Amino acid sequence: MSVFSDIDLTNVPKHIAIIMDGNGRWAKKQGQMRLHGHSVGVESVRGTLKAAQKMGVKYLTLYAFSTENWNRPKEEVDGLMKLLVQSISNEVEELNESGVRMLNIGDNSQLPVDAQEELESAMKRTEHNDNIHLVLALNYSSRWEITRAMTEIAQDVKDNKLDPSAINDEVVSSYMATAKSGIPDPELLIRTSGEYRISNFLLWQIAYTEFHFTDILWPDFRDEDLFKAVLDYQSRERRFGQITEQLK
Ligand code: FPP
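The notes below deal with the structure included here.

How each quantity is defined
Residues numbered from 1 in each chain as written. Predicted model: local features only at pLDDT ≥ 70, side-chain atom pairs only at ≥ 80, totals over all residues. Heavy atoms only, no water. Helix = DSSP H or I, 4+ residues; strand = E, 2+ residues; numbered from the N terminus. Contact = heavy atoms within 4.5 Å. Salt bridge = Lys/Arg side-chain N within 4 Å of Asp/Glu carboxyl O. Buried < 20%, exposed > 50% of the residue type's maximum accessible area, 1.4 Å probe, protein only. Pairing = 2+ DSSP bridges. Phe/Tyr/Trp six-rings, centres within 6.5 Å; stacked < 30°, edge-to-face > 60°. Lys NZ or Arg CZ within 6 Å of the ring centre and 35° of its normal. Polar contact = N/O pair within 3.5 Å; in protein donor to acceptor, adjacent residues only side chain to side chain. Axes fitted to C-alpha atoms, helices over the stretch in contact; angles between N-to-C directions. Expected span 1.5 Å × (residues − 1). Arc of directions from axis to C-beta.

Considerations on the overall build of the protein chain
- Scanning the protein chain for helices and strands turns up eight helices and six strands.
- Along the chain direction, N to C, the helices and strands of the protein chain fall in the order β-α-α-β-α-β-α-β-α-α-α-β-β-α.
- Each principal axis of the C-alpha atoms in the protein chain carries an extent, and together these give about 55 × 50 × 35 Å.
- Once local pairs closer than 6 in sequence are excluded, the contacts in the protein chain between residues at least 24 apart make up 77%.

Considerations on the pattern of salt bridges
- Here the structure, examined in full by the defined rule, presents 17 salt bridges.
- Residue Asp-78 pairs with Lys-74 through a salt bridge whose shortest N-O separation is 2.6 Å. One end of the pair is Asp-78 and the other is Lys-74, both in helix 3 (residues 74-97) and four residues apart, which spans about a single turn.
- With its nearest N and O atoms 2.8 Å apart, the salt bridge here joins Arg-239 to Glu-237.
- Look at Arg-239 and you get partly exposed, because its relative accessible area is 38%.
- Taking relative accessible area as the criterion, Glu-237 reaches 36% and is therefore assigned partly exposed.
- Three or more residues are tied together by salt bridges with common partners; here these are Asp-21, Arg-25, Arg-191, Glu-195 and Arg-197.

Observations regarding the pairing of strand 5 (residues 188-191)
- The alternating pattern of strand 5 places Leu-188 and Ile-190 and Leu-189 and Arg-191 on opposite faces, both of which are buried.
- Pairing of strand 5 with strand 6 (residues 210-213) involves four bridges; the strand directions are parallel. Note that in strand 6 the partner of Leu-189 across the bridge is Phe-211.

Regarding the packing of aromatic side chains
- In total, this model carries ten aromatic pairs according to the counting rule given.
- On the basis of an interplanar angle of 80 degrees and a centroid distance of 6.3 Å, the ring pair of Tyr-140 and Trp-144 is categorised as edge-to-face.
- Judged by its relative accessible area of 0%, Tyr-140 falls in the buried class.
- Between the NZ or CZ atom of Lys-54 and the centre of the ring of Phe-4, over which it lies, the distance is 4.3 Å.

Considerations on the side chain of Asn-108
- Mapped onto the fold, Asn-108 is located in the loop between strand 3 (100-104) and helix 4 (113-125).
- A polar atom in the side chain of Asn-108 sits 2.8 Å from the side chain of Glu-120.
- For Asn-108, the contacting residues outside a window of four places in its chain are Gln-116, Leu-119, Glu-120 and Met-123.

Some remarks on the sheet that holds strand 1 (residues 15-19)
- The parallel open sheet is built from six strands, whose spatial order is 3-4-2-1-5-6. Both outer strands of the open sheet, strand 3 and strand 6, are each paired with one neighbouring strand and no more. On average, each strand axis in the sheet is tilted by 20 degrees relative to the strand beside it, whichever way the strands run.

Section: helix 4
- Over its 13 residues, helix 4 runs 18 Å from end to end, which matches the ideal 18 Å to within 8%, given 1.5 Å per residue.
- What helix 4 keeps buried is the set Ala-115, Leu-119, Ala-122 and Met-123. Around the axis of helix 4, the buried residues are gathered within 100 degrees of arc, so they sit on the same side. Projecting away from the buried face of helix 4 at angles above 90 degrees are the exposed residues Val-113, Glu-117 and Lys-124.
- Here the buried face of helix 4 lies against helix 3, strand 3 and strand 4 (132-140).

Below, the structure written as structure tokens:
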């Protein structure tokens, strides 16, 4: 029986972020090329998105390609870019019909031109939707995002648009790629494949995020696994620096 019925639908994370890891190892176990793992991983993206919609999650952020992933063998980088372009192109109509809005928090400008165009077109096509936001972290890393924010803050101070004494954590947040697209901080971060790292993902935004790590490799990740992660989240006491008695 599905664990879906055990979920308290009044306490579902509004924003779930996922580090989709283990595609390469999954493929290797099957005696296949790494790219095959990424292709099968797209199926997990599809299922996870539907499961998130079923629970009423409003933002699903997927770490699809980090700024460090450019250092992988060229064949894998090219294959991944092609897969992303094809997947977005194949899925955009169905995503649009099911009320999905697509966003990217990464650096679009450094992607291959066809990927930039496909992404821009999908974001435009789905801009009026709000059932769920599918946020791709594509050519993203936190250090890139934070460095850019610092540069923009420095420029605004220099241009007398920002008073240094007015800089607080809300102001800093507003310079992050997430805030620029109206994306709240995630309540839950999932990482698959048994690795216990954050890998330069949403470092500013995860200050009070709950973490769920699973050994499942991303191509094997199913809706039940997402439901279990949410149940795990619902078992946590989120104190935000306070003590239990203050939460009553
Ligand atoms: C990490 O596994 C996965 C990636 C770097 C790419 C993830 C991309 C996809 C699943 C395609 C997503 C598609 C859309 C449309 C969002 P890894 O290659 O690092 O695995 P390993 O640690 O086992 O080598």
